[in-house]
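# Chain and residue survey
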Amino acid sequence: MSFPADTIKRLFEQPLTPQQYVAITTGTVATGLAILAMLYPDKAVFDNDDRVFARRKGYPILGNLPHILQNVEHIHDFMLLNFETFGTTLSGSAFGMPKAIETADPANVEYFLKTNFENYQKPPRMYNAMDDLFGHGIFNADGEIWKYQRKTAAHIFNVKNFRDLFTDVFVEKFGYMKTHQLNNAVETGLPLDFQGLMFKYTLEAFVKLGFGEDLGALRSEAKLPFAESFDEAQVRTSRRLMLPFWKAREAFSRIFKPWETPMSYHIKIVNDYATSIVQKRRAEVEAGVEKHDLLTRFLGTLDENGQPLNEKQLRDIILNFIIAGRDTTAQALSWGMYAIMGHPEVEKKLLEEIMENITDDVENNPAKFYEAVKNMKYIHATFYEILRLYPPVPANSKYARGDDVWPDGTIIRKGDHVNWSPYSQGRLESIWGPDAKEFKPERWIVNGELKRESQGVWPVFHAGPRVCLGQNLATLESIVVLSLMLKNYQFKLVPGQTITYLVSITMPMKNGMQVYVEKR
Ligand code: HEM
């Protein structure tokens, strides 16, 4: 049977009813989706990459996006599971996200962070998502903008400062914490939030040695509004990085969830704080007050264009250094105490070493303290082991400027995103052996000597030209604090808590950690 041409013409000329319009549109979209689902049955639509990667099977059109959404609250363990199940170099594709190659292979990590450093930069997507909080500070910069900041800051981390200034600040600020929060917890018998206290301590200590200011974080009962907003802005920044379409999602939230405080509110609070520090220092410099801290150095520095730094550049520097100096070390101390409380045999060995080296005389003399720390192998081993299992920067990302081939043969193309996971690397049996998930500081001591792993095997402080500038500072601070705490107090975990991580730029405990404190 065939329709005469004038019948077909009449059918098309008739206006469609709304029902017909909906039916035709739905039919067209459904057919389109069905065709795309056939073409992309287990990966993201338009992912036409012809390279073969080990990977978790995705969903039609959406690829791995549903897996990511399902596991967003424990993404680091999900990544670990993927590496354990499918191999140490993988790639998935997720709708709305750029092509990413994920690796936990130490040789690859060392290669792209160190050997072929020039070929890898921070991902443009990351600059964008992190811009509100980090601006063009050291963590969110490459090239000349990164170089002048690294060069300027490096001057601060010299032996003289470690011996004469840093240890002094760490011991002094511990003294305050001891006579206030810790002794108070002993006397009242009430639990305290250990992580909350560590965040206050490291903030107070870093602001003092970095910017020459006594912030009063330890004096304040409540969390400072600056710290509150700084933490929230970091969590939101990490969501921007992990999930697609962040600009649309945030615009949607502003309209449909008007009760939520917007990112701009938190950014204003942190900006006001950073700007107030800069203004105060400028006034001091004008009044002829001499200081030699990090901020003073940056006030005398020229940027990549040979210009003195403006308020925005200085604000970026302050906030980047606070995250570097506060969050990472507070988390290392919190996860560290958690691990020590769960391993009395480690605590006993630590105490023996502390009692032998940190006598009362040493405890009250920062220069001697600095020297004594150098002999304490077991506490160093414990610190490395803490970072292996609980790396404060648990995952990270780069972007390939050009084609490349990795040591394991993986083909990299210009524009690929490269993700690596110190969290997974620290827990893989293929790297650390069958006891990989156990807390064993002894693995860092071989024939009585402290052993360091290569930066590829243990990238907790990054690797190559961008290796963490503060690693010795963080190690000294952590060892001073752990020594003084364990020498003076015994900590007991309040039962019934869930201790887990919060997914953020770094790896804080999600609900803090309540402990009882007793005098030793
Ligand atoms: C346990 C404590 C710490 C850990 C685990 C840690 C880890 C890291 C990591 C993984 C990076 C690379 C970040 C990236 O570019 O993606 C980094 C960079 C950096 N860290 Fe640390 N850090 C710690 C403590 C500190 C401290 C106390 C400071 C003191 C200011 C500091 C200063 C820096 C700086 C300035 C950089 C940027 C280096 C560059 O890009 O050239 N860090 N750190």
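Each chain carries its own residue numbering, running from 1 in the direction its sequence is written. Local features in this predicted model are restricted to residues whose pLDDT is 70 or higher, and side-chain atom pairs enter the listing and the counts only when it is 80 or higher, whereas totals over whole chains, interfaces and linings include all residues.

### Considerations on the UniProt feature "transmembrane region" (unreviewed entry) in the chain
- UniProt positions are given in the numbering used here, feature names are shortened, and annotations may be inferred rather than shown by experiment. Residues given the UniProt feature "transmembrane region" (unreviewed entry) here are residues 21-40.
- By definition, any uninterrupted DSSP run of H or I lasting at least four residues is a helix, any uninterrupted run of E lasting at least two residues is a strand, and each is numbered from the N terminus. Between the end C-alpha atoms of residues 21-40 the distance is 28 Å, and the span holds 95% helix and 0% strand.

### Here's the deal with the environment of Ile322
- Positionally, Ile322 belongs in helix α14 (residues 311-341).
- As a C-alpha pair, Ile322 and Asp42 span 280 residues in sequence and 42 Å in three-dimensional space.

### A closer look at the site of the ligand
- Whether a residue is near a molecule or strand depends on its C-beta atom, placed from the backbone, lying within 6 Å of it. Of all residues adjacent to the ligand, which total 23 residues, the nearest are Ala324, Thr328, Cys468, Gly470 and Ala474.
- Looking at the shell around the ligand, the elements with two or more residues in it are α7 (143-154), α14 and α21 (471-488).
- For the shell around the ligand, the element with the most residues is α14, which contributes 6 residues.
- Each residue belonging to the shell around the ligand can be placed in one class, and the counts come to 15 nonpolar, 6 polar and 2 charged. Three classes are used: nonpolar for Ala, Val, Leu, Ile, Met, Phe, Trp, Tyr, Cys and Pro, charged for Asp, Glu, Lys and Arg, and polar for all others, with Gly counted as polar.

### Remarks on the pairing of strand β12 (residues 514-519)
- When DSSP finds at least two bridges between two strands, those strands are taken to pair. As paired elements, strand β4 (residues 192-193) and β12 share 2 bridges and run antiparallel to each other. Bridge assignment links Asp193 to a residue of β12, and that residue is Gln514.
- By the bridge criterion, 5 bridges tie strand β11 (residues 489-493) to β12 in an arrangement that is antiparallel. Across the sheet, the residue bridging to Tyr489 is Lys519, located in β12.

### Looking at the sheet that holds strand β1 (residues 89-92)
- Read from one edge to the other, the open sheet built from 5 strands follows the order β1-β2-β8-β5-β3, with strand pairing classed as mixed. Sheet topology places β1 and β3 (120-121) at the edges, where each strand pairs with a single neighbour.
- Alignment of β1 against strand β2 (residues 100-103), held across 4 bridges, turns out to be antiparallel. Counted as the bridge partner of Ser91 is Ile101 from β2.

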